[in-house]
Structure formats: structure tokens, C-alpha cells
Amino acid sequence: MKLWVNGGLHDAETALVSVLDHGLTVGDGIFETVKAVRGETFALTLHLERLTRSALGLGLPAPDLDEVRRGCAAVLEANPMELGRLRITYTGGLSPLGSERGDAGPSLVVALGETGRRADSTAVITVPWTRNERGALTGLKTTSYAENVVALARAREQGASEALFGNTVGRLCEGTGSNVFVVVDGQLLTPPVSSGCLAGITRALAVEWTDAQEADLPLDVLDSAEEIFLTSTLRDVQAVHRVDGRELSPAPGPITAKAMRIFDERAAADADPRLG
């Protein structure tokens, strides 16, 4: 395994950043996960645009996207695989202990891990913790992921692959690493980004390609929705067959199945789509 670290390609054993990197000490960093199929990325431009938005939102300098692309290309060439998770991590860099950021400049790491195709449907749970739709990090894809680790562990304990959050006002928000769509009275709906959810790349493409509508939804819509599905970089569109103790049948339902088919067809036709 070879990784890109701060301008060069390294073996995994020598691909090092300082133990005083602000991304490690206080979680001062951002990241993107990009799907790579036989060395070809999907929606890389959209991911890099969000990487820049997250950096600026966190107060980091805008990343050099030419360098990021060089790192991605080098890692993909050095690590051939059928289906990969390309991870771009950009942090505050070497800094003093504590919250104050140093002046050494940011760190950039690009890594690639092999993964498998997701199942067509999955089980999810809801968790009692909330997303803060008014927080300083809302809408940013940061490395401050500990609450997702805790929630996902709860899901795994209950035989599910994802945990869904409400926000502070009891609205449906998102999963630990996914966006959620529901079918209510035959309409395909998803929470707006104002709910506190991440503006997912796959979410945005699914909304545009399926004509889904954004709507403020109570968390308990999951108790009555006719269909539910998740979107994310590695899930694409994935049906939900169980939420908490409630079984949904069939899964995928007809609207979800159509969304899955449309997404697969559009993604296959354009590996670097744009929005709008």
C-alpha cells in the first residue's frame, strides 16, 4: 500500500505525519471519501469543491486542488483494485498542544482502501443523540467524527449498518455517514441541509436525477414512511428493509428501485457529473 503525504508517495510504513498534527490532537481537519472503480474516480470534482468549502468553513487555507488531484492519481496508479475507497484528509498541520492552530501549514494525506459492493438493502436504527443544526461545524465534513463512531457502534450491536439522527428540534436529519430519503404518500422526500445534515454529493445527485423534494420531516416519519433509502459515496442508493423494529416490505420498494436504477445509469454515463 502506498499513500500520498504532503507532496509525495510513500509506503504505508513511512507515510507519516507528526503526532502533534492538529488533526490528531484536536480533530482540526476535513476529509472526503471518493469512490474509485478500477482506478477511475466518481464525482471527484464535486468532492473537491466540497473539500474547499469545508476548509474555508473551518478557517483552513483553501487546498491546492491540483496537488490533491496529483495525489489521487498517484495513489490510484500505485494501488490497483476493483473497487476502492479513496480518502482525502486535510488538517491544520503541526500545531501546539491545545486548540490554537500553528503556522506550519496544513497536512494533506491521500489513501486508498479496498472495499466491496454494498447490499441492495440494509437495516438502520435511530439513536437518542441529536445533530446540532446550528453548530459551528454544521455542514462541514470534518474529522471530528467521534459521535458517529459511538452511534455506528450502537447500530452494529443491534444488527444494523447505519444509525439515523434527529436534530435539536426533533426533525429527521441524517445518518452517521449517509443521507436519508423517505417516500410519504407516494412522494420522494429528503431533509433540507438546514436540518443540519451534510450536503452529500450522492444526495445532491439523487435529488437532481430523481426530482426528489426537500422537506422538513419529523423524526417519527420513519414509523410510517412507505419506503426509506440511504445515499452515500459507497452506498450509492441503498434501500432500507428495517428501521428499529419495523420491517419494510418489499425493499427496495418501487420508488426506491427506480431511484437505484436511475442513479446507476446516470453514474455509468458520466464519471464526473456536475450539478444544475
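The structure contained in this document is the topic of the report that follows.

1. Looking at the layout of surface pockets
Working step 1: As a volume, the largest pocket reaches approximately 1200 Å³.
Working step 2: Taken together, 46 residues line the largest pocket, and the ones lying closest to its centre are K141, Y145, N148, T176 and G177.
Working step 3: Looking at the lining of the largest pocket, the elements that each hand over two or more residues are strand 3 (29-37), helix 2 (44-58), strand 5 (83-91), strand 7 (121-131), helix 4 (146-157), strand 9 (172-175), helix 5 (201-210) and strand 13 (227-232).
Working step 4: Element by element, the count of residues in the lining of the largest pocket is highest for helix 4, at five residues.
Working step 5: By residue class, the composition of the lining of the largest pocket is nine nonpolar, 25 polar and 12 charged.
Working step 6: Quantified by volume, the second largest pocket comes out at close to 490 Å³.
Working step 7: If you go around the second largest pocket, you meet 17 residues; those closest to its centre are K35, V37, L83, D236 and A267.
Working step 8: Within the residue set of the lining of the second largest pocket, elements represented by two or more residues are strand 3, strand 4 (40-41) and helix 6 (254-269).
Working step 9: Looking at which element gives the most residues to the lining of the second largest pocket, the answer is helix 6, with four residues.
Working step 10: The residue inventory of the lining of the second largest pocket, partitioned by class, reads eight nonpolar, one polar and eight charged.

2. Some remarks on the packing of helix 2 against helix 3 (residues 65-78)
Working step 1: Where helix 2 meets helix 3, the closest approach of the two axes is 11 Å, and the angle between their N-to-C directions is 130°. Comparing their axes, helix 3 and helix 2 come out oblique. Along this stretch, helix 2 crosses helix 3, giving a crossing that reads as right-handed. Here helix 2 contributes L44, T45, L48, L51 and T52 to the contact with helix 3, which in turn contributes L65, V68, R69 and C72.
Working step 2: For the contact of helix 2 with helix 3, a count of residues per class yields six nonpolar, two polar and one charged.

3. Topic: the nonpolar core
Working step 1: Among the nonpolar cores identified, the biggest contains 23 residues, and V68, C72, L86, I88, L108 and V110 are the most heavily contacted of them.
Working step 2: Grouped together as the second largest cluster of nonpolar side chains are 19 residues, L46, V183, L188 and A212 included.

4. Observations regarding the pattern of salt bridges
Working step 1: A full pass over the atoms with the stated rule returns 12 salt bridges.
Working step 2: Its salt-bridge partner being R50, residue E32 comes within 2.8 Å of it at the nearest N-O pair. Residue E32 is located in strand 3, and its partner R50 is located in helix 2; the two are separated by 18 residues in the primary sequence.
Working step 3: Residue class for E32 comes out buried when judged on its relative accessible area of 0%.
Working step 4: Taking the relative accessible area as the measure of exposure, R50 reaches 5% and is therefore buried.
Working step 5: Here R134 ties to E133 by a salt bridge, and the two come within 4.0 Å at their closest N and O atoms.
Working step 6: Looking at R134, the relative accessible area reads 68%, which means it is exposed.

5. Observations regarding the sheet that holds strand 6 (residues 107-114)
Adjacent strands of a sheet form backbone hydrogen bonds with each other and so pair up, either parallel or antiparallel.
Working step 1: Read across the sheet, six strands follow the order 2-1-6-5-3-4 without closing on themselves; strand pairing throughout is antiparallel. Whereas interior strands pair on both sides, the edge strands pair on one side only; in this sheet they are strand 2 (8-11) and strand 4.
Working step 2: Across four bridges, strand 1 (residues 2-5) lies against strand 2 in antiparallel orientation. Counted as the bridge partner of V5 is G8 from strand 2.
Working step 3: Strands strand 3, strand 4 and strand 5 of the sheet are contacted by helix 2, whose axis makes an angle of about 175° with strand 3.

Calculation rules
Residues numbered from 1 in each chain as written. Predicted model: local features only at pLDDT ≥ 70, side-chain atom pairs only at ≥ 80, totals over all residues. Heavy atoms only, no water. 1 Å grid on protein atoms, 1.4 Å probe; cavity = no way out; pocket = protein on both sides within 12 Å on 5 of 7 lines; lining within 4 Å. Points joined across faces, edges and corners; volume = space filled by probe spheres on them. Helix = DSSP H or I, 4+ residues; strand = E, 2+ residues; numbered from the N terminus. Nonpolar A, V, L, I, M, F, W, Y, C, P; charged D, E, K, R; others polar. Axes fitted to C-alpha atoms, helices over the stretch in contact; angles between N-to-C directions. Parallel < 35°, antiparallel > 145°, perpendicular 65-115°, else oblique. Left-handed = near helix turned anticlockwise from the far one by under 90°. Contact = heavy atoms within 4.5 Å. Core = buried A, V, L, I, M, F, W, Y, C linked by side-chain atoms within 4.5 Å. Buried < 20%, exposed > 50% of the residue type's maximum accessible area, 1.4 Å probe, protein only. Salt bridge = Lys/Arg side-chain N within 4 Å of Asp/Glu carboxyl O. Pairing = 2+ DSSP bridges.

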